[in-house]
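An overview of the molecular structure
Here's the letter readout for the chains.
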Amino acid sequence: EKATPSNFIRDIMVEDLHSGKHDTIITRFPPEPNGYLHIGHAKSIFINFSLADEFNGKTNLRFDDTNPLKEDIEFVESIKEDVKWLGYEWENLFFASNYFDVMYEKAILLIKKGLAYVEDLSADEIREYRGTLTEPGKESPSRNRSIEENLDLFTRMKNGEFANGEKVLRAKIDMSSPNINLRDPVLYRISHATHHNTGDKWCIYPMYAFAHPIEDAIEGITHSLCTVEFEDQRPLYNWVVEKCEMESKPRQIEFGRLNLTNTVMSKRKLKQLVEENIVDGWDDPRLPTISGLRRRGFTPEAIRAFCEELAISKSSGAVDVQMLEHFIREDLKLKAPRTMAVLKPLKVVITNYPEGQVEMLDAEINPEVPEMGTRQIPFSREIYIEKEDFMENPPKKYFRLFPGNEVRLKHAYFIKCEDVIKDENGEVIELHCTYDPETKSGTGFTGRKVKGTIHWVEATKAIPAEFRLYNSLILDEEEDEDGTFLDHINPNSLEIAKGFVEPNMKSAEANDKFQFFRHGYFNVDPKHSTKDSLVFNRVVSLKSSFKL
Ligand code: ATP
Ligand code: MG
Ligand code: MG
């Protein structure tokens, strides 16, 4: 599948303005409120809003809510929130369900023109009659019903005289068309269900292929942008616009659907993960949903920059999730304050540091942005370092702590490991080190060099915190066609560590973002973090081999 760069769409818009076909550009983002938005939707939002904006045009947010069974007001609210959070303002907020009256009238018009008929065949029979790519379809016995009979049956469908599936309304187009979408597609189905907006007013609902072009035409959409799988439906889209005598003639244009490696994007699968409690809600930080990315610590700026890159690159197939990560690193590099956090702590006692003394050390908040100033961090006889920064029997080229070795403590002093304390199982539980007061950071000490610099936090004032480290939700395969994606779930997609952060983190608020020295970028989890028990989500680690 080839991704279509959006500049091809821009070219069409430019031409349509030049030729006078349109004097303004109107687009729409038309989500079905049957789930939360994901990063694929962000691509669609970006294309629709930014193209219209380039031409001083307008973009509507339209809920494509024509299927009462799957839709819910919770989804409507979350979609509005996500679009706003991404930084877009819609011109109008519309619900397709508010057009049900017009759609019904248009269906009647088609029947009166002899272009639609009520079908008695079951869904299975309709499929069977439809034929295949190599075999033409067969005409149904219902196809030759009189207009009067069709009008009567359709009215009775609307009045609730039939059960679900008993009848449908079909377009009368061409059962031998090489395009299967034109073999008398279904326009209306019966569904005795309460709709989130229209309640019990209707028991017949329009199909997407019929409803969407009418929605676009009603709103005066000039360019109806959708993903490539709708390409074969374009002739039907045009048929509906023409035969329903819509005044405005929107043009459907397709662009490449976004797929990301190592995750799932279809709402059906996302929903399954949520409903089976495999993840912590639609906003689980491992999900590619907008709310998941937000909770993970992504910013709207990073997501928009990613979409912009997609729009200009001609890459096809699944996009490497590392490309998305590249943009959040770029965005946070200069924005996020830097601080130290110990994720898996090991106590260190500095035996020659005076007992009871605490000194405050100066540390830059972000060395790349000196205007961000400095912070004060306490130092004393007891600190925590990372368990992984000590090895009793290190391999060659291990420059961190080991017995007899000296390292630099970031922002503080050199310390040297003198003694290793173990518990009865032989597990290292504490280190005894000495420090050299001459080596204080910032004093210009050059007497000797050490190869390793490690981070730490002062033990008596450190704040305990939980760190949630994420790995790909899906191993190797992005998605499986046969629906067994659950077999590919990474059992280690979430790792929880309990450690400490600097005391100045006590003022950290939900969604504050930090760079933890050597560990990466972290976000204060808006769902589980509290003043008394901080929870940080790792957005992304610091380094990657990924290149744009
Ligand atoms: P899903 O298969 O995930 O349910 P959908 O296309 O049914 O997706 P809608 O709510 O109908 O979801 O989508 C709203 C708009 O977003 C549509 O115009 C659709 O084409 C677009 N969109 C959805 N998924 C993607 C994607 N992965 N990449 C680009 N655009 C997408
Ligand atoms: Mg859809
Ligand atoms: Mg869908």
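Preceding block: the structure.
Let us look at the structure shown here. No experiment lies behind these values; they were computed from the predicted model shown.

**Quick word on the site of ligand 1**
By nearness alone, 15 residues border ligand 1, and Glu32, Thr227, Arg257, Leu258 and Lys267 come closest of all. Separating an oxygen atom of ligand 1 from a side-chain N or O atom of His38 is a distance of 3.1 Å. Spatially, ligand 1 is embedded in the largest pocket. Split by residue class, the shell around ligand 1 holds 6 nonpolar, 6 polar and 3 charged.

**Observations regarding the pattern of salt bridges**
If you walk through the whole model with that rule in mind, you get 45 salt bridges. A salt bridge links Arg62 to Glu215, with the nearest nitrogen and oxygen atoms 3.0 Å apart. Of this pair, Arg62 sits in strand S2 (residues 58–63) while Glu215 is found in helix H7 (residues 208–218), placing the two residues 153 residues apart along the sequence. Of the two residues, Arg62 and Glu215, both sit in the buried class.

**What to know about empty space enclosed by the protein**
Under the criterion given, the structure shown has 1 cavity of 30 Å³ or more. Together, Arg28, Tyr208, Ala209, His212, Pro213, Ser224, Cys226, Phe230, Gln233, Leu236, Tyr237 and Gln252 line the largest cavity. Within the residue set of the lining of the largest cavity, elements represented by two or more residues are H7, strand S8 (223–227) and helix H8 (234–243). The biggest single contributor to the lining of the largest cavity is H7, with 4 residues. Class assignment of the residues belonging to the lining of the largest cavity gives a composition of 7 nonpolar, 4 polar and 1 charged.

**A few points about the layout of surface pockets**
One number sums up the size of the largest pocket: a volume of about 1100 Å³. In terms of lining residues, the largest pocket is bounded by 36 residues, among which Glu32, His41, Phe230, Arg257 and Lys267 are the most central. Mapped onto the lining of the largest pocket, the elements with two or more residues apiece are strand S1 (26–29), helix H2 (39–54), H7, S8 and helix H9 (267–275). Considered class by class, the residues forming the lining of the largest pocket number 12 nonpolar, 12 polar and 12 charged. Of the residues that make up the lining of the largest pocket, three or more belong to each of domain 1 (7–255) and domain 2 (267–335 + 466–540). If you trace the second largest pocket, you find 21 residues lining it, with Ile126, Arg130, Pro185, Val186 and Met207 closest to the centre. Of all the secondary-structure elements, those providing two or more residues to the lining of the second largest pocket are helix H5 (123–130), strand S6 (186–190) and H7. Per element, the largest residue contribution to the lining of the second largest pocket is 4 residues, and it comes from H5. Tallied by class, residues from the lining of the second largest pocket come to 12 nonpolar, 5 polar and 4 charged.

About the thresholds
- Residues numbered from 1 in each chain as written.
- Chains lettered and ligands numbered in written order.
- Predicted model: local features only at pLDDT ≥ 70, side-chain atom pairs only at ≥ 80, totals over all residues.
- Heavy atoms only, no water.
- Near = heavy atom within 4 Å.
- Polar contact = N/O pair within 3.5 Å; in protein donor to acceptor, adjacent residues only side chain to side chain.
- 1 Å grid on protein atoms, 1.4 Å probe; cavity = no way out; pocket = protein on both sides within 12 Å on 5 of 7 lines; lining within 4 Å.
- Sits in = over half its atoms within 2 Å of the grid points.
- Nonpolar A, V, L, I, M, F, W, Y, C, P; charged D, E, K, R; others polar.
- Salt bridge = Lys/Arg side-chain N within 4 Å of Asp/Glu carboxyl O.
- Helix = DSSP H or I, 4+ residues; strand = E, 2+ residues; numbered from the N terminus.
- Buried < 20%, exposed > 50% of the residue type's maximum accessible area, 1.4 Å probe, protein only.
- Points joined across faces, edges and corners; volume = space filled by probe spheres on them.
- Domains from an automatic or database assignment.

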